[in-house]
Amino acid sequence: MGTALIYDEEMTRYKLLWVDPSCKIEVPERLIVSYEALVKSGLADRCVSVPVREATDADILLVHSEEYLQAVKTTPFMTLEEMQDFCAQYGDVYFHPNIYHCATLAAGAALQLVDSVMTGKVRNGMALVRPPGHHSMHNAASGFCIFNNVAIAAQYAKQKYGVKRVLIVDWDIHHGQGVQYCFEDDPSVLYFSWHRYEHQKFWPKLRESDFDSVGKEKGAGFNINLPWNKVDMQNSDYLSIFHHLLLPIAYEFCPDLVLVCAGFDSAIGDPEGEMCATPDIFAHLTHLLMNLAGGKLCAVLEGGYNLTSLAQSVCQTVQTLLGDPPPRPANLDGPCQSTVESLHCVRSTHRQYWSCLKHAADLPTFDVSTKDLSLDESLNSEESKEEHVWPEPPKRLTPAIRAALLLPDGITCPDGCYRQSVSECLDPLIVTKLKENILTDSEDDSNALSTLSSLIDLVEKMEKDEVCSGLALVHDVSKAMKCVVPHAASALKNRVLVICVGDGKVPIHVSEDGKVLMVQLSNKESQEPESRYFIPVCLKKGCSDVSGFIQAILSLLLPLGYEYDPSLVVLVQMSDSGLCESMWLQLTSLLRGLAQGHMLVLMQKGNEACVSPTASSLLGDPAPSLGPLVAPLPENVESVEMLRHRLKADWKLLQTTAQDIG
Ligand SMILES: CC(O)(O)CCCCCNCCCN
Ligand SMILES: [Zn+2]
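These numbers were taken from a predicted model, which means no experiment stands behind them.

Asks: Help me out: how do you make sense of the domain arrangement of the protein in this one?
Replies: How big an interface is tends to be stated in terms of accessible area lost as the parts join. Assigned domains within the protein: domain 1 (2-384) and domain 2 (401-656). Spacing between the C-alpha centres of domain 1 and domain 2 amounts to 36 Å. Facing the 40 residues of domain 1 at the interface are 41 residues of domain 2. A combined buried area of about 3300 Å² lies between domain 1 and domain 2, and 58% of that area is made up of carbon and sulfur atoms. At the junction of domain 1 and domain 2, the tally comes to three salt bridges. Residues R402 and D324 are paired through a salt bridge, measuring 2.4 Å at the closest nitrogen-oxygen approach. One can count 15 residue pairs in polar contact (both at pLDDT 80 or more) joining domain 1 with domain 2. Broken down by element, the residue count for the side of domain 1 that touches domain 2 peaks at nine residues, all from helix α9 (residues 235-253). Split by residue class, the side of domain 1 that touches domain 2 holds 17 nonpolar, 14 polar and nine charged.

What follows is the structure in structure tokens.
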């Protein structure tokens, strides 16, 4: 299934007709440069083009009042003065004779996207729309928004498709108060928003945008606000919030549909956000959400006012929706102090609502001094803001072969995958090396030899970007590991992240030179001495504690992996991993976000049934939903937390509390 792209140039045909400094950034060119970038990069052609439609009155009344709709309907016939008077009752929004029509198209585009995804016509998609929506309220326009496109889409999905749980992720740099108000008491819609706040000094300057607004009555716990109290937030800050806040709750909530208020004013260069996260981070944010709801994800454009970073961020998002692995995240370091404080506050506030946060620390006891109440620098005049420059996002080349499989005869190769032939011509150099330190028993020498040398051949093709990912079903995964990992780590200029799932002694010793980082997930305490580069994670009751396992992945393995930034990931399914298939596929899919998708999966003969689902993950298909999660086993929470505490000195992306940052 493909990716829908919804765009219509009619939505470029309105603009600000008078002088208003607070509205001048919302220009038609925002849509034009975004769509043109998609066309120029060839991404538009890879999408399924879906037409817009006008939202009907009934659609709009899912969120807005009759009187508000009637009032907006009169604006096309107003004089300029009447329109300016009409705007005066709202905040930071302008009207135009054609904006009502465009607002019905923007909302209609979101509904077309929901229809395309819910009917299975496409897997996911993006709607490039203006006017944006997330500030508009039941009875009022606000912040360039007329109708609340995403809120209407959520109500529509519930009503028309009986969707039980909708997750709305709002990565726009402004708080979508309109969405918060709409679903405040509704436990079927989980609204997550991060937003520039600066202790209520940044627009819309609402007290209810702070972290302690958790929702009301039955909706308590289903509204999550992450305030950015400083500017210049970076990629590490954004990833920390996804790993330690949004994703654990999202997996526990287990949505049937994910809607994204995709605003790109949170990207570097934007005059509103004044953040430093680079456009490629949106590839990772998108990727991290794509394994929820079986991949049913609808992204709807909100803000984004730097035409360069907007266009780049839109392309990063769409390319990821198409299944291309994200680019390697550039030089991550830890979250900043302010981020960790906000993260700490939100996690402890939501502890009572979400079992994945039950272990979160108490509210920090900040003394007032940490809330820098000094005159905020953000109000300084325009001139003094230095122009941000950032490198063009790396070309995300998509290797000709997305997945190469090395399979014993008799196992069919899933379609879409390339069958790696067992190489006949054995490189004598490799043969001797293999003979010396791996192959002992002579009987299976021949085919073991050819299998292992084919593995090496596969790794080298990945190194040369001829192949994106690989999967090998072998007699003996330990031997395969002993052959592949040292070769990849030494022969090639790699950092190799090795994840072993299952019990059994890992066959390679990890040196402290940092060329290999190994994490073993098993249900036995490890005898191996712990070190910075060998991390045994013991999960009692094997991996049947799904929520314990997913928590280990999200709050331990992924932060480690992102900070380590490997050029190759080797994922090993040891003999008795005891892992349920859907959990294994979530792991495989999530790890594709690292090393630009260069992942080699080693599976033990006997797991034939898992080959084609794993291969579809390597092809970029979303993993099936895990289903609603129960509370993780306390001892598993304990062991993951103990590890995190031990490791966070070395690995800064593991920090979650103000004390951590030290
Ligand atoms: C969709 C959106 O969230 O991007 C709309 C943002 C509205 C900002 C209003 N204040 C602008 C002040 C100008 N310096
Ligand atoms: Zn915004």
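Asks: Sorry, what's going on with the packing of aromatic side chains here?
Replies: The relation between two aromatic rings is expressed through the spacing of the ring centres and the mutual angle of the planes. One pass over the structure, following the stated rule, counts 24 aromatic pairs. For the pair F144 and Y305, a centre-to-centre distance of 5.8 Å together with 75° between the ring planes defines the contact as edge-to-face. Highlighted residues: F144 in the loop between β3 (122-127) and α7 (149-161) and Y305 in the loop between β8 (297-301) and α11 (307-321), separated in sequence by 161 residues. F144 gets classed as buried once you look at its relative accessible area, which sits at 10%. For Y305, a relative accessible area of 11% corresponds to the buried category. Ring centres of F264 and F282 lie 4.9 Å apart, and the angle between their planes is 85°; this geometry places the pair in the edge-to-face category. Taken as a pair, F264 in the loop between β7 (257-262) and α10 (281-289) and F282 in helix α10 lie far apart in primary sequence, 18 residues in all.

Asks: Just to check I follow, could you spell out the packing of helix α17 (residues 581-591) against helix α18 (residues 611-618) for this structure?
Replies: Contact geometry for α17 and α18: axes closest at 9 Å, N-to-C directions at 30°. With respect to α18, the element α17 is oriented roughly parallel. Between α17 and α18 lies a crossing whose hand is right-handed. When α17 is examined against α18, the residues E581, W584, L585, T588 and S589 are found in contact with a partner set consisting of P613, T614, S617 and L618. Of the residues contributing to the contact of α17 with α18, the split by class is four nonpolar, four polar and one charged.

Asks: Looking at this model, I keep getting lost on the packing of helix α16 (residues 546-564) against α17. Mind explaining?
Replies: Two quantities define a packed helix pair, namely the angle between the axes and the distance from one axis to the other. Contact pair α16 / α17: the axes reach a minimum separation of 11 Å and the direction vectors enclose 15°. The orientation of α16 relative to α17 falls into the category roughly parallel. Judged by the twist between their axes, the crossing of α16 over α17 is right-handed. Across the interface between the two elements, V546, F549, I550, I553, L554, L557 and L558 of α16 pack against M583, L587, L590 and L591 of α17. A per-class count over the contact of α16 with α17 returns eleven nonpolar, no polar and no charged.

Here is what the cut-offs are and how they apply
Residues numbered from 1 in each chain as written. Chains lettered and ligands numbered in written order. Predicted model: local features only at pLDDT ≥ 70, side-chain atom pairs only at ≥ 80, totals over all residues. Heavy atoms only, no water. Domains from an automatic or database assignment. Contact = heavy atoms within 4.5 Å. Buried area = accessible area lost by both parts, 1.4 Å probe. Salt bridge = Lys/Arg side-chain N within 4 Å of Asp/Glu carboxyl O. Polar contact = N/O pair within 3.5 Å; in protein donor to acceptor, adjacent residues only side chain to side chain. Helix = DSSP H or I, 4+ residues; strand = E, 2+ residues; numbered from the N terminus. Nonpolar A, V, L, I, M, F, W, Y, C, P; charged D, E, K, R; others polar. Phe/Tyr/Trp six-rings, centres within 6.5 Å; stacked < 30°, edge-to-face > 60°. Buried < 20%, exposed > 50% of the residue type's maximum accessible area, 1.4 Å probe, protein only. Axes fitted to C-alpha atoms, helices over the stretch in contact; angles between N-to-C directions. Parallel < 35°, antiparallel > 145°, perpendicular 65-115°, else oblique. Left-handed = near helix turned anticlockwise from the far one by under 90°.

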